Amino acid sequence: MVMCCYGSLSSTCVVGYESGHVCVYDCNTRQMLRELQVFKEPGISLCSQSHLVISMAVASSLGSCACGSTGRYVVFCSLGEEMLSSRLELPNNGVLSLAIRGDDRLLAIGGKDGMRVFLLTLTSRVRIVDYRRKRPLALLPNHSGEVNGVCYGKDNTLFSGGGDSRIMGWEIYKNGNR
């Protein structure tokens, strides 16, 4: 299970479950407000393969979230009354970490997305996506092994940590163009 809190004083909680469901809870009343199955059951959900939710990030000002799984999709969900969704397909399975920049414009995706030769992964990349348009913008290489974590700092610097035991800092689109 993965969980993100948002809202004034983190009054709302979004939880992703192993079943592929995403639920929105009111932390004050402990009541479930909404539920959406984002991964599982062909014909009903957005992704026809059964995958558990293993990463999540919330765009507070937009009232939406991004969910990653063991599969090759990132699913975007609106957290309002109608939990509408869309998805972005990636070339490789395994979305291990997601982070949305403070202005809710950029999504960083870390995972098992690497350049492969035969069965060896030579380098792994962090993907940068325009969160609002759901369009890929950049690939940041230099990790060997999977990218286990991504996060934005207070100055919008992106940090990534990988299976190579390295932490990298990236200054991308810091001038407000993206």
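Bear in mind that the values here come from a model prediction, so they are computed numbers and not experimental data.

The rules we used
Residues numbered from 1 in each chain as written. Predicted model: local features only at pLDDT ≥ 70, side-chain atom pairs only at ≥ 80, totals over all residues. Heavy atoms only, no water. Helix = DSSP H or I, 4+ residues; strand = E, 2+ residues; numbered from the N terminus. Buried < 20%, exposed > 50% of the residue type's maximum accessible area, 1.4 Å probe, protein only. Contact = heavy atoms within 4.5 Å. Areas by Shrake-Rupley, 256 points an atom, 1.4 Å probe, with all protein chains shown as cover. Phe/Tyr/Trp six-rings, centres within 6.5 Å; stacked < 30°, edge-to-face > 60°. Lys NZ or Arg CZ within 6 Å of the ring centre and 35° of its normal. 1 Å grid on protein atoms, 1.4 Å probe; cavity = no way out; pocket = protein on both sides within 12 Å on 5 of 7 lines; lining within 4 Å. Points joined across faces, edges and corners; volume = space filled by probe spheres on them. Pairing = 2+ DSSP bridges. Axes fitted to C-alpha atoms, helices over the stretch in contact; angles between N-to-C directions.

**A closer look at the overall build of the protein chain**
Then step 1. A tally of regular secondary structure across the protein chain gives zero helices and 16 strands.
Then step 2. Relative to its full complement of 178 residues, the protein chain shows a buried share of 48%.
Then step 3. Intrachain contacts of the protein chain at a sequence separation of at least 6 include 36% that bridge at least 24 residues.
Then step 4. As presented, the protein chain carries roughly 9100 Å² of accessible surface, and 51% of it is formed by carbon and sulfur atoms.

**Thoughts on the packing of aromatic side chains**
Then step 1. Taken as a whole, this structure holds one aromatic pair when the rule is applied.
Then step 2. On the numbers, 5.5 Å between centres and 70° between planes, the contact of Phe-76 with Tyr-131 is edge-to-face. One end of the pair, Phe-76, is in strand β7 (residues 73–78); the other, Tyr-131, is in the loop between β12 (120–130) and β13 (135–143), with 55 residues separating them in the sequence.
Then step 3. Using a relative accessible area of 3% as the deciding quantity, one classes Phe-76 as buried.
Then step 4. For Tyr-131, a relative accessible area of 1% corresponds to the buried category.
Then step 5. The aromatic ring of Phe-76 is capped on one face by Lys-134, whose charged end is 4.7 Å from the ring centroid.

**Some words on empty space enclosed by the protein**
Then step 1. As enumerated under the stated definition, the model contains one cavity of 30 Å³ or more in all.
Then step 2. Each pocket or cavity is described by its volume, and for the largest cavity that value is around 50 Å³.
Then step 3. Along its surface, the largest cavity is lined by Leu-90, Asn-92, Asn-93, Gly-94, Val-95, Ile-109, Gly-110, Gly-111, Lys-112, Asp-113, Arg-125 and Arg-127.
Then step 4. Mapped by element, the contributors of at least two residues to the lining of the largest cavity are β10 (106–111) and β12.

**Quick look at the sheet that holds strand β6 (residues 64–69)**
Then step 1. Judged by pairing direction, the sheet is antiparallel, and its four strands sit side by side in the order β5-β6-β7-β8 without closing on themselves. Bordering the open sheet on either side are β5 (53–59) and β8 (85–89), each of which pairs with just one other strand. The average undirected angle you get between the axes of adjacent strands in this sheet is 20°.
Then step 2. Bridging between β6 and β7 involves five bridges; their strand directions are antiparallel. Directly across from Gly-68, in β7, lies its bridge partner Val-74.

**What to know about the sheet that holds strand β4 (residues 31–37)**
Hydrogen bonds along the backbone pair up the strands of a sheet, which may run parallel or antiparallel.
Then step 1. As summarised here, the arrangement of the four strands in space is β1-β2-β3-β4, forming an open sheet in which the pairing is antiparallel. Each edge of the open sheet is held by one strand with a lone partner, namely β1 (2–6) and β4. When the angles between neighbouring strand axes are averaged without regard to direction, this sheet yields 20°.
Then step 2. Relative to β4, strand β3 (residues 21–26) runs antiparallel, the two being bridged by six bridges. Its bridge partner lying in β4, Val-24 is registered against Arg-34.

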